[in-house]
Structure formats: structure tokens, C-alpha cells
Amino acid sequence: MKILGIDDNTDINELLDTVLNGSGHEFIYVKNGTEGLKFIREKKFDIVLLDLAMPEFSGFDVINSLLKEGLLTKQKIILFTASSVLDSEIEELIKKGVHSCIRKPVDLDFLLEKLEQVQV
Amino acid sequence: MIVLSIAMVFLVQSLYFASQALATSSNANNDCPIFSIKYGCDLSAWSHLIIDGLIAAFLGVFFHHLAHKQSLKLKIIVEEHDAMRKRRKEFAIQSLKNHFTTLLFSMSLVNRLEPMYASDTKNRDNIKDQINRNYEIISRVVNDIKNVMFFLNDVLEPQIITDVNQLCQTINQGYVKDENKQSKLTDYTETKNKINRLCRTFDEVHPAIVPIQGLFKRTSPDSPSNTRSLKKLIYQEIVLYYRHIFKRVYSSK
């Protein structure tokens, strides 16, 4: 499975890199929304793990840009966020084309299970 | 405001000279008590009364306006401070949740690697390096959590601070160094449950308070956009205030 991680937290990125690449997936990560958007435009990913709260170009900006370009529904975008997002906000994003949301903190096993479910 | 002040000075000056002219042109005598209005009497007392009344009214309006302006500024500062506090609170919770995620990931990885270290004799050194790297991450993240608690403790509930400190203590106690100086994480499940409980408390005590889009906005009251909006708001309020006064005057007429 080809997974793109867009998160400004380096530790999380590196740990996911170890775990996901170690378990047979192809995981690439970027640290900001601008780079993430570039990767999404250029390459095809099975799943995009997107953090919402990032400085300068946030996850919301990424979603809005993808929505404008008509690329949002072509990706399985999973929000992976520590922000106190309201359920209504998430529902709104899901209506727009976001696949689902995983709230941090989360157990590694749970995350892997969720990714497998999404892939199926 | 400057135009109003200049107009007031001209008015006072002209009234003053008028009263002087009245005083010099009249002949004060016993038939002319101080506030009498008769031909040939000194009317300067009346003009003084009018001038003083006008000055008092002007000063009253002026000070009222100053107080109003000041209270507006204070209101904006208080609102700004409140918004900043909310953003700091949201940032603190977000940082803690991110750190907890890193902790859970690292601890989970250590738990996976430890049995491998025991069974896999070929890659022992490599696995040991990975385990130690994760212990370093755990140690650093615990320090980062303590820093968050130190710098943002004014926006967090005391109960949360206590719980997080207890969690840090539990994790620190989890490091058991045996005779081979091998670190061991004692109870992952206990830590995981504590973190989950803590996050439930976060959501109860601090529900979603700041839209995420606004989290990284500049909040300095000195920023040009804030100064502009402050000035605009004050002018709007002044215009509304004077409109209100004029309406009152016209309606009373």
C-alpha cells in the first residue's frame, strides 16, 4: 500500500516510516501542506494521512486546494489530527470528499488496523 | 476631534469678546442688578454664564468621549487577550496529544522489538539500536511534555496538570535498568489506558474552542491589521455616538 503522511511532527513521521515501511507498505512523508499538495498532484497514493493543524499551509488549505482542483475524491484522505475538531466539522469535510478521521493520540495497532480496513 | 476643538476655541473667543464689548458699552448702576436684562445694563454676567456653561458642556462631552474611547480600547485588549488564551489552550492540548501519540508509537515499537531482540540472534545489535533509539525518543518526549506543562500551565486545568505529571512519573518509573544496563518498559497497557483517560478528560474539560484555521493567526496587538481594525472600530463608534447625540437633540426640538 502506498501511503503519504503530511504532518509537521517529525517524531510521528519517523515512527510511522519505521513501522509502515517495516510492515511492507510504502510510506513517504512530508512536513508541510505545500509539499504534500505537490506530492498528491504528481503521484498516486492509496491513502493520504493528513494532519490538520500545520503552520502556514494547514490541512484545511490542502483540502480546499484539492477540492478546487477536483482531486479530493480521487484520494483516500484520512485526517490524522490532534486538534479538537468538532464532529460537525468532520462531517462537513467527509461530505466534501474526505474519507475519514483518526483522532490523536492513537495506538499503533489501531492505526494499522484502520489503514488495512480502508484499503479493503 | 481637532476640528471640534478649534471650533470650540473660536466660539469661546468670540463670546468672550462679545461679553467684553457688552461690559464696556453698558453703564452699571443700582438699577441694574447682576443678572438683569435691561437696556443699558451690563450683560457680561450673562455672557460669562453662557461661556462657562458652554465650556463645561464641551469639557463634559470631551471627557466622556475620551472615557468612551478608552473603554473601547480596553474592551478590544480584553477580547484579544481572551482569544490569545483560548489559542494557547488549544495549542497546549494539541501539543500534548501529539506527544502522547509519539509516546504510544515508541512504546508500542519497543514492545514489538523486545521479543525480537530475545529471539533473533543475528540482528541483535541492530534491534538493540532501534530499541535504544525509541527509549531516547520516549525520554525526549517526556521532557517536551514537562516543558509544555511548564510554559502553558496557566491555560490548563489543575486536574489535567496533576494527571499529566502522574503520567510522566509512571513512564519514568517504567524505565527499569537491570544488571546489563538494559532498559525495559514495564507496563505499556497501563500507560495507554492512562493516556486515553487523560484525553477523554481533555475533551470534557476543554471541548473544541478555537477553529483550527485561526490557531496559527498572528495575535500581536501591534500588528498593522489589528491597529487598522482598532482605529476603524473607534471611528465607527465615534460616528455612531455623535449621530445618536444629534438625533436626540433634533427629536427634543
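Because the structure is predicted, anything quoted here is derived from the model rather than measured. (Residues numbered from 1 in each chain as written. Chains lettered and ligands numbered in written order. Predicted model: local features only at pLDDT ≥ 70, side-chain atom pairs only at ≥ 80, totals over all residues. Heavy atoms only, no water.)

K.L.:
Mind showing me how you'd approach the sheet that holds strand S5 (residues 100–103) of chain A here?
P.N.:
Pairing between the strands of a sheet is mediated by backbone hydrogen bonds and can be parallel or antiparallel. Residues and elements named next belong to chain A. Ordered in space as S2-S1-S3-S4-S5, the 5 strands form an open sheet in which the pairing is parallel. Edge strands, defined here as strands with exactly one partner in the open sheet, are strand S2 (26–30) and S5. On average, each strand axis in the sheet is inclined to that of its neighbour by 20 degrees, with strand direction left out of account. For strand S1 (residues 2–6) and strand S3 (residues 47–50), the ladder comprises 4 bridges, and the chain directions are parallel. Its bridge partner being in S3, Gly 5 is matched across the sheet by Leu 49. Its contacts with the sheet place helix H1 (residues 10–22) against S1, S2, S3 and strand S4 (77–81), and it is angled at close to 170 degrees to S2. In the packing of helix H2 (residues 33–42) onto the sheet, the strands contacted are S1, S2 and S3, and the crossing angle to S1 comes to about 160 degrees. (Pairing = 2+ DSSP bridges. Helix = DSSP H or I, 4+ residues; strand = E, 2+ residues; numbered from the N terminus. Axes fitted to C-alpha atoms, helices over the stretch in contact; angles between N-to-C directions. Contact = heavy atoms within 4.5 Å.)

K.L.:
In this structure, what is going on with the interface of chain A and chain B? I would like to understand it.
P.N.:
Interfaces are often described in size by the accessible area the parts lose on coming together. Contact residues are listed per partner, giving 26 residues for chain A and 29 residues for chain B. For the pair chain A and chain B, the two sides together bury roughly 2400 Å², of which 64% comes from carbon and sulfur. In terms of surface lost to chain B, no three residues of chain A exceed Leu 15, Ser 84 and Pro 105 of chain A, which account for 28% of the buried area on that side. Summed over the shared surface of chain A and chain B, the number is 3 salt bridges. Of the charged contacts, one joins Arg 140 of chain B and Asp 11 of chain A as a salt bridge, the two residues approaching to 2.9 Å between their closest N and O atoms. One can count 5 residue pairs in polar contact (both at pLDDT 80 or more) joining chain A with chain B. Of all the secondary structure elements, the ones that give two or more residues to the side of chain A that touches chain B are H1 and helix H5 (108–119) of chain A. Looking at the side of chain A that touches chain B, the element that brings in the most residues is H1 of chain A, giving 6 residues. (Buried area = accessible area lost by both parts, 1.4 Å probe. Salt bridge = Lys/Arg side-chain N within 4 Å of Asp/Glu carboxyl O. Polar contact = N/O pair within 3.5 Å; in protein donor to acceptor, adjacent residues only side chain to side chain.)

K.L.:
Please clarify how unusual backbone geometry should be interpreted in this entry.
P.N.:
Only a minority of non-glycine residues have a phi that is not negative, and only a minority of peptide bonds are not trans. Residue and element names in this part refer to chain A. The linkage connecting Lys 104 with the following residue, Pro 105, adopts the cis geometry, with an omega of 0 degrees. Of note, Pro 105 is situated in the loop between S5 and H5. If you check the backbone angles, Glu 56 has positive phi at about 70 degrees while not being a glycine. Relative to the elements of secondary structure, Glu 56 occurs in the loop between S3 and helix H3 (59–69).

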